[in-house]
Amino acid sequence: MKLNENDLKHPLISVVIPAYNEFQGIEKVIKIISQELDCCETNWEMIVVDDGSSDQTYQKICEISRSDSRIKGIALSRNFGKEGAMLAGLESATGNAVIIMDADLQHPPSLIPEMIEKWRSGSQIIHAIKRNRNSDSTVKKTAAYCVNQLITKFSGIDINNSSDFKLLDREIVNIIICDLPEKERFLRGLTRWIGFSQQNITFDVEHRQYGGDSKWSFWSLLELSITALTSFTCAPLRIITFLGLATLLLGVLVASDALLSWVNNEAVSGYTTLIICLLLIGSFVMISLGIIGEYIAKIYEEVKARPHYLIRASVGVDHKKSPDRIKKMVTSRYPLAEAARMTSNKS
Ligand code: UDP
Ligand code: MG
């Protein structure tokens, strides 16, 4: 999006931070990111989205927001997952560019000036790519590598070593929130798919500094991988067709052998082969049903068209500039008193 002269001199940069049970480190993280932003000669706002934490994360955000109005908070009504939290932040951000980063300093704030510089010189999407994944276990690294390879090979969208740490120009943010209404979201893929002028920078993933381990469970990672795969490629469905052709070939071979024995008046042999064939075909059928089921489940989610997230409370955020859907969520759907409470400074 073309910036006017004033925007170019003093653009507003929004930083969106999804946070789930990050009470231990959130204050320090906000401080470090604020210091980095203060050095960038831009106006800035920070929107921390509490993704239904069970600790005091949101209370802490409210406390910080009271002393610095540039720091804003949104509390979701429950844990909707990182994708929902990031979208909530994008939909409430008002900046000329939006930076998305994690709440645990694994995305180094020291890269922010470089991202802004690249944005000022014309790039609309700046992806931070992982140079190494030292903080991940071997199993997680291998699983991530396989899923990323699968998606990249089948969909043609390169998401190898990608992260959610990125800067998006206002034009891109508007496209993401207005023109990509899908319920099952995978932002890393969508921001590649979208096109426009993109650039990469690299970073080393440090170990999590606060708040213990990764907030992703095995199941939530599996769910994200399936969403990523199903929303960018239909290749698994095509693989089923090839599996069918392979079992047909196997069937022709076994049937020819049986017919030959019958013609030669020999007793049909091959009990073991029969059992193996039955088991193989049985498992192919079950796996195929599972794959088809995953796609149907995703269609079911899209058809239900439930909102990506619900807002329980917010602090410092001017929802007048949010998309109509969000405005409705925080004003007309709730009683007026509730709306007033939500935009008040109280937690
Ligand atoms: N997060 C979130 N909702 C969740 C899980 C994680 O908002 O359901 C946030 C979390 O607070 C952090 C970011 O997403 O800011 C990345 O999470 P984490 O560091 O646990 O993931 P990893 O670094 O292992 O990818
Ligand atoms: Mg992390």
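So, how was this worked out
- Residues numbered from 1 in each chain as written.
- Chains lettered and ligands numbered in written order.
- Predicted model: local features only at pLDDT ≥ 70, side-chain atom pairs only at ≥ 80, totals over all residues.
- Domains from an automatic or database assignment.
- Contact = placed C-beta atoms within 7 Å.
- Nonpolar A, V, L, I, M, F, W, Y, C, P; charged D, E, K, R; others polar.
- Pairing = 2+ DSSP bridges.
- Helix = DSSP H or I, 4+ residues; strand = E, 2+ residues; numbered from the N terminus.
- Axes fitted to C-alpha atoms, helices over the stretch in contact; angles between N-to-C directions.
- Near = placed C-beta within 6 Å.

Turning our attention to the domain arrangement of the protein. Accessible area lost on assembly of the parts is the figure often given for the size of an interface. By domain assignment, the protein separates into domain 1 (13-232) and domain 2 (235-304). Each of domain 1 and domain 2 has a C-alpha centre, and these two points are 43 Å apart. Each side of the interface is counted separately: domain 1 has 7 residues, and domain 2 has 7 residues. Taken together, the residues of the side of domain 1 that touches domain 2 break down into 3 nonpolar, 1 polar and 3 charged.

In space, the 8 strands of this open sheet follow the order β7-β5-β6-β4-β1-β2-β3-β8, with mixed pairing throughout. With partners counted over all chains shown, the strands left at the sheet margins are β7 (198-204) and β8 (311-315), one partner each. The average angle at which neighbouring strand axes cross in this sheet is 20 degrees, direction not considered. Taken strand by strand, helix α4 (residues 82-92) contacts β1 (12-19), β2 (43-50), β3 (71-76), β4 (97-100) and β8, and its axis lies near 155 degrees from that of β1.

So, on to the site of ligand 1. In the vicinity of ligand 1 lie 17 residues, with Pro18, Tyr20, Ala103, Ser214 and Lys215 positioned nearest. Each residue belonging to the shell around ligand 1 can be placed in one class, and the counts come to 6 nonpolar, 4 polar and 7 charged.

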